[in-house]
Amino acid sequence: MKAGDLLTISPLIALTLTPVVVMLFAAFRRSHGLALGLTLGGLAVTFGTLFVSASRTARVVTPLVTMDAYALFFIGLLTVATALVAVLSWSYLGRLRVRPEEYYVLLLTATLGGAALVAATHFASFFLGLEILSVSLYALIVYPVHRADAVEAAVKYLVLAGATSAFLVFGMALVYAEAGTMSAAGVAKLVAGGLGSQQVVVTVGIVMILVGVGFKLAVVPFHMWTPDVYEGAPAPVTAYVATVSKGAVFALLLRFLLPVSSDQSSTLFLALAAVAVASMVAGNLLALRQDNVKRILAYSSIAHLGYLLVAFLASGERAGVAAGFYLVAYFATTLAAFGVITVLSTGDRDADQLSDYRGLGARRPVLAAVFAVALFSLAGMPLTMGFIGKFVIVTAGAGSALWALVIVLVLTSAIGLYYYTRLIVVMYVRRPEELELAGAGPAARVAAAGGAAGVVVLAALTAFLLVFGVYPSPLLRLVEHAVSTLPWP
Amino acid sequence: MILLWYILIPAVAAPVAWLLGRSRPALARWTAVAGTTAPLVILAGQWITKASALQATFAARGPGPAGLVAGSWIADVKATWIGSLGISFFLAADGLTIIMLLLTFALGLLAVLASWRGITKNVGVFHLMILWTVAGLAGVFLSLDLFLFYFFFEMMLIPMYFLIAVWGHEKRVYAAIKFFIFTQVSGLLMLVAIVALVVIHGRETGVYTFDFTQLLGTQMAASTAFILMLGFFFAFAVKLPAWPLHTWLPDAHTEAPTAGSVLLAGVLIKIGAYGMLRFMVPLFPDAVHDFRTVALVLAVIGIIYGAVMAYGQSDMKRLVAYTSVSHMGFVLLGVFAWNTLALQGVILQLVCHALSTGALFIMVGGLQDRIHTRDMGRMGGLWQVAPRMGGTAMFFAMASLGLPGLGNFVAEFLILVGVWQVSHWAAVLGAVGLVFATVYALWMMQRAFQGEETHGWSFADLTKREVGMFGAMIAALVLLGFWPQPLITTARQTVTGLQEMTAASSLAQPRPTAEAGDPAAEAAAAPADDASGATSLADDEGAQQ
């Protein structure tokens, strides 16, 4: 490693230093505003260093990380998403009656884990990143310790994540024991060579790694934790789990297991295709019966990861572009949706009941409009990024002749329309007075809360969703550039 | 660039109407009037001045399907939109487009006028939704890029969904969600078919494009073409609607506010017919030919089923909704007959049905505003209370049943004559549907307006605004009944062009009922139909009888 490499990995260094600085300041002077300011400042510096790193030739710095355009693109995405979550958390934490400073430290370490994941080219950095992310998330989920459901969610997440980490490590050990490699390129070569009957141990190892990855992505059959954790975790943390945590792991999956898509008859391909179909079907069907908004979005996110797997299974660079674009769209949409929940939540509980949204269109027109745009984007309606995202996935799937997957995607997303429109109906058609006397019920209390900064973030996200939903070309070019550094067959 | 205005004017007027409507509802109404009248005026100007120029460009068109398509446009706009995916912002207008746009803006204006009194809640947002629907519809009819077409096709669902869900009647939420899901599912299947077509074309030529003119004539296996054709058919048959995919229509039309019903029945369901004419048949002529028998059966069932169901309704609005199912069956018949007479009839039917059914919906809406019911069991003898209303309703009921002298008669007659050349039994059964139409139309008049007035109703007759609206529609229907030639002339290039595009396919046979016969004879007969395709209405009737 040369001195110049420090510049190449400067985003990771900046991201490591930021939580340390925030922690030290919190030790000497407790100030919520200062913590948030330092967090945002550190994230801004990280974002700036991305350009420094991008100006240098991409290279593997130690066998552990590669700072190529792909990694930089996703670090940028994670950084921006974390900054938005931090701003959304501000007024939420203020209402929560907890010491808020450490929250930002945890948020930053989790993002560091995510950044390590998207740059990882080695099992060591893979595992390290995943654990940093997970351990930070345990604490974040249970941050409001006085809430029983948060504790329950955190315990559930801790136990399951611990178990699947064991699977992951054991899988890595098996692959290393048999094939003698721990690098992404090595794993890709193994998969590309076709895992024959002689390589049972390697196949078992990779499947065990996939169990660990599948748990993080919350795809069926590893999705059991999702609704409970989404429901129990504080709303901004849920937004974080749904976006940064899943996005980072998905980016890693693409880097390590890219060649899976080239052989459509391999066991691995068929297994992942089955997972994709199961996620799309189960996610959309189970969401139909929910009355809790966070649970609806939890099941919906299971389905969306299923759509993303379709992009992953489609071969060629076009598929990589589809996956990258869809991830960005999914990030923006999910952050907007959970952002609305965050802004509406009170210190006692999150605004996750359908009744909290009755007549929102009349009470809080801006928030209702943001939520409506996010829901339409999740449903894949035109004018939003969700539409373009779904379209590029369909195009990629059709290009690789994955007709069965494409048809399942189309039909299940039609099922999804029902529960998205149901929420919209609740907001715009139902009157608040149908449920309760004005000023007495939870809806009125929810309406009184809310932060201006959060609303600004939400408006920006909505504008982002609409602008790139109508004119996606610049973003598509950026994603194309990012994924072009992956070793496409 | 003029084409862009047709979308932009209503789209920009929409937020203006919303902002103005927050303080002064009347301003929102007037903005909406301006937002639909302005494009209507520009369009009328373009129609009058460019109609003759169209003849010239059409005569000078280049060879091949692409040249044919390129030569038939009055105007077009093309710009790269999403270059990496081969998507362009490609708008173009020919005679058919002009007719559909005339309908869109005229009925948009009527929809605004019809809600002048009835809508008092969230007036600004209501007109925002109406104008966005109009803008989306204009986009649908102007798009020649299949992605852009799909984009508008889906986009206009959102305002229409809100129109039904927020301002509709008793079961509005159920109706709105059903409408949304039906159209969305079918639309997504079409999207898959579009993408598959693009991929097949791209593999063959190396060019990935959604440009319809380039996708024409893509070579593919017959079975593939059939499946892709089904994807398009499914989408358009839901819109049209064709039996058995019609079940969303009675709910949506009944529960929608008057303006929503007018736009739905007048323009939205016409997208089904338009999409079949413009895209489905030219792209997959052979597959359409293979599918013809099934489609004709569905069309005939739709005609008779719609009429019988209409007869059985006690809700007046639901009755009118079911008549649409019946009338659109004729359109489906005509599209799949695919000869000059039938196609001219289809285009005429689109216009006349929009006017007559739109008027009936406005009539029912006006009645509901006055007596707060649509139940015909509670009406009766209303003619005595409101004679002007009764007379007007009678006129549109007559138009709906196809009284000679009115446009609907000419349209249905042309379709039946065209269908007769393809399939005798379909024409005969379709004509039976006309008898049923007489029954339901007269039965509706009997129950609502004739007989003794026993319920003690007393309300104001038609206002000046309503008289003006209905007067214009009556004049248009009478004009189309006696002198349909201007409309047919406008559509002639499109009809001829469409037939030339499919001239090399099995669909060009004059008598495809003989499809069991030997293929050589069919091929030999093909040029004959070409020749007749270029003649006018009068020539056709002479030549083919």
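Residues numbered from 1 in each chain as written. Chains lettered and ligands numbered in written order. Predicted model: local features only at pLDDT ≥ 70, side-chain atom pairs only at ≥ 80, totals over all residues. Heavy atoms only, no water.

**So, the overall build of chain A**
Tallying secondary structure elements over chain A gives 21 helices and two strands in all. Rg of the C-alpha trace for chain A: 21 Å, near the compact-globule value of 23 Å for 489 residues, within the 12% margin. In terms of overall dimensions, chain A has C-alpha extents of about 70 × 55 × 40 Å along its principal axes. Residue burial in chain A is summarised as follows: out of 489 residues, 64% are buried. Of the contacts formed within chain A by residues at least 6 apart in sequence, a portion of 80% connects residues at least 24 apart. As displayed, chain A has an accessible area near 16200 Å², and 71% of this comes from carbon and sulfur atoms. In chain A, 28 positive and 21 negative side-chain charges are present, and the distance between their average locations comes to 4 Å. (Helix = DSSP H or I, 4+ residues; strand = E, 2+ residues; numbered from the N terminus. Rg over C-alpha atoms; globule rule 2.2 N^0.38 Å. Buried < 20%, exposed > 50% of the residue type's maximum accessible area, 1.4 Å probe, protein only. Contact = heavy atoms within 4.5 Å. Areas by Shrake-Rupley, 256 points an atom, 1.4 Å probe, with all protein chains shown as cover. Lys, Arg positive; Asp, Glu negative; His and termini not counted. Charge placed at Lys NZ, Arg CZ, Asp CG, Glu CD.)

**Concerning the interface of chain B and chain A**
By a widely used convention, the size of an interface equals the accessible area lost when the partners come together. Facing 34 residues of chain B, the contacting portion of chain A comprises 37 residues. Between chain B and chain A the total buried area reaches about 3100 Å² when both faces are included, carbon and sulfur atoms providing 81% of it. By the criterion of area lost to chain A, the three top residues of chain B are Trp81, Leu85 and Val192 of chain B, representing 16% of everything that side buries. There are zero salt bridges connecting chain B and chain A. Within the residue set of the side of chain B that touches chain A, elements represented by two or more residues are strand E1 (75–82), helix H6 (146–155), helix H7 (157–167) and helix H8 (172–205) of chain B. No other element matches H8 of chain B, which puts 15 residues into the side of chain B that touches chain A. (Buried area = accessible area lost by both parts, 1.4 Å probe. Salt bridge = Lys/Arg side-chain N within 4 Å of Asp/Glu carboxyl O.)

**Topic: the pattern of salt bridges**
Evaluation of the coordinates by the stated rule reveals 20 salt bridges over all chains. The salt bridge involving aspartate 94 of chain B is made with arginine 278 of chain B; its shortest N-O contact spans 2.8 Å. Separated by 184 residues along the polypeptide, aspartate 94 of chain B in the loop between strand E2 (87–93) and helix H4 (95–114) and arginine 278 of chain B in helix H13 (residues 270–283) bring together distant segments of the chain. We note that aspartate 94 of chain B, like arginine 278 of chain B, is buried. In this structure, the salt-bridge partner of arginine 374 of chain B is aspartate 315 of chain B, at a minimum N-O distance of 3.0 Å. Taken together, the residues arginine 374 of chain B in the loop between helix H16 (340–371) and helix H17 (382–385) and aspartate 315 of chain B in the loop between helix H14 (285–311) and helix H15 (316–337) connect sequence positions 59 residues apart. Members of the salt-bridge network, linked through shared partners, are Glu152, Lys156, Asp228, Glu231 and Arg295 of chain A.

**Comments concerning the packing of helix H11 (residues 235–256) of chain A against helix H14 (residues 317–344) of chain A**
Residue and element names in this part refer to chain A. Relative orientation of the contacting elements H11 and H14 amounts to 170 degrees, with a least axis distance of 8 Å. The pairing of H11 with H14 is recorded here as roughly antiparallel in orientation. For the pair H11 and H14, contact is made by Ala235, Pro236, Thr238, Ala239, Ala242, Thr243, Val244, Lys246, Gly247 and Phe250 and by Ala323, Leu327, Tyr330, Phe331, Thr334, Leu335, Phe338, Ile341 and Thr342, respectively. Split into classes, the residues belonging to the contact of H11 with H14 amount to 13 nonpolar, five polar and one charged. (Axes fitted to C-alpha atoms, helices over the stretch in contact; angles between N-to-C directions. Parallel < 35°, antiparallel > 145°, perpendicular 65-115°, else oblique. Nonpolar A, V, L, I, M, F, W, Y, C, P; charged D, E, K, R; others polar.)

**Re the packing of helix H6 (residues 123–141) of chain A against helix H9 (residues 200–217) of chain A**
All names here are of chain A. One can describe the packing of H6 onto H9 by two numbers: an axis separation of 13 Å at closest approach and a directional angle of 30 degrees. Relative to H9, the crossing made by H6 is left-handed. Where H6 abuts H9, its residues Phe123, Phe126, Leu130 and Ser134 lie against Ile209, Val213 and Lys216. (Left-handed = near helix turned anticlockwise from the far one by under 90°.)

**Description of the pairing of E1 of chain B**
Strand residues, when the strand is regular, have side chains that alternate between the two faces of the sheet. Residue and element names in this part refer to chain B. As paired strands, E1 and E2 are joined by seven bridges and run antiparallel to one another. The partner of threonine 80 across the bridge, within E2, is serine 88. Between E1 and the antiparallel strand that follows it, E2, lie four residues; glycine 86 among them carries a positive phi value of about 75 degrees. (Pairing = 2+ DSSP bridges.)

**A few points about a nonpolar patch on the surface**
Residues and elements named next belong to chain B. On the surface, a nonpolar cluster with roughly 700 Å² of combined accessible area is contributed by Val297, Ile301, Val308, Trp420, Trp425, Val428, Leu429, Val432 and Phe436. Where the nonpolar patch is concerned, the elements lending two or more residues are H14 and helix H20 (424–448). Per-element tally for the nonpolar patch: the top contributor is H20, with five residues. Note on placement: valine 308 falls in helix H14. (Patch = residues over 30% accessible without salt bridge, like charges linked within 9 Å, V, L, I, M, F, W, Y side chains within 5 Å.)

**Some points on helix H2 (residues 10–28) of chain A**
Residue and element names in this part refer to chain A. Over its 19 residues, H2 runs 27 Å from end to end, which matches the ideal 27 Å to within 8%, given 1.5 Å per residue. Every buried residue of H2 is accounted for by Ser10, Pro11, Leu12, Ala14, Leu15, Thr18, Pro19, Val22 and Ala26. Residues of H2 that are buried make contact with helix H1 (5–8), helix H3 (32–55), strand E2 (65–66), helix H4 (69–96) and helix H5 (101–119). (Expected span 1.5 Å × (residues − 1).)

**A closer look at the confidence of the model for chain A**
Across chain A, the average pLDDT comes to 87, with 94% of residues at or above 70. When the criterion is pLDDT under 50, residues 434–450 of chain A qualifies, and its contacts beyond four places in sequence or with other chains add up to 26 contacts. (pLDDT = per-residue confidence, 0-100.)

**Thoughts on the nonpolar core**
Considering soluble globular proteins, one finds that nonpolar side chains tend to be buried as a cluster. Core analysis: the biggest nonpolar cluster contains 410 residues, and Phe126 and Tyr357 of chain A together with Phe336 of chain B have the highest contact counts within it. For this core, the leading source of residues is H14 of chain A, giving 20 residues. Dropping the residues within four chain positions of it, tyrosine 357 of chain A is found in contact with Val293, Val340, Ile341, Leu344, Ala351, Arg363, Phe371, Val426 and Met427 of chain A. (Core = buried A, V, L, I, M, F, W, Y, C linked by side-chain atoms within 4.5 Å.)

**Details of the packing of aromatic side chains**
Scanning the entire structure with this criterion turns up 55 aromatic pairs over all chains. Pairing phenylalanine 233 of chain B with phenylalanine 291 of chain B gives two aromatic rings, centres 4.8 Å apart and planes at 70 degrees, and the pair type is edge-to-face. Note that phenylalanine 233 of chain B is positioned in helix H10 (residues 222–239) and phenylalanine 291 of chain B in helix H14, a separation of 58 residues in sequence. Accessibility expressed as a relative area gives 9% for phenylalanine 291 of chain B, which makes it buried. What links up through ring pairs into an aromatic cluster is the set Phe387 and Phe391 of chain A together with Trp81, Phe147, Tyr150, Phe151, Phe152 and Phe210 of chain B. The residue whose ring lies beneath arginine 29 of chain B is tryptophan 116 of chain B, and the NZ or CZ to ring-centre distance is 6.0 Å. Between lysine 78 of chain B and the ring centre of phenylalanine 90 of chain B, over which it is positioned, the NZ or CZ distance is 4.6 Å. (Phe/Tyr/Trp six-rings, centres within 6.5 Å; stacked < 30°, edge-to-face > 60°. Lys NZ or Arg CZ within 6 Å of the ring centre and 35° of its normal.)

**Examining the confidence of the model for chain B**
Residues and elements named next belong to chain B. On average, residues of chain B score 82 in pLDDT, and 89% of them reach the 70 mark or higher. Every residue in residues 511–545 is under pLDDT 50, and counting partners more than four places away or in other chains gives 44 contacts. Among the prediction metrics, the complex's ipTM stands at 0.85, with pTM recorded as 0.88.

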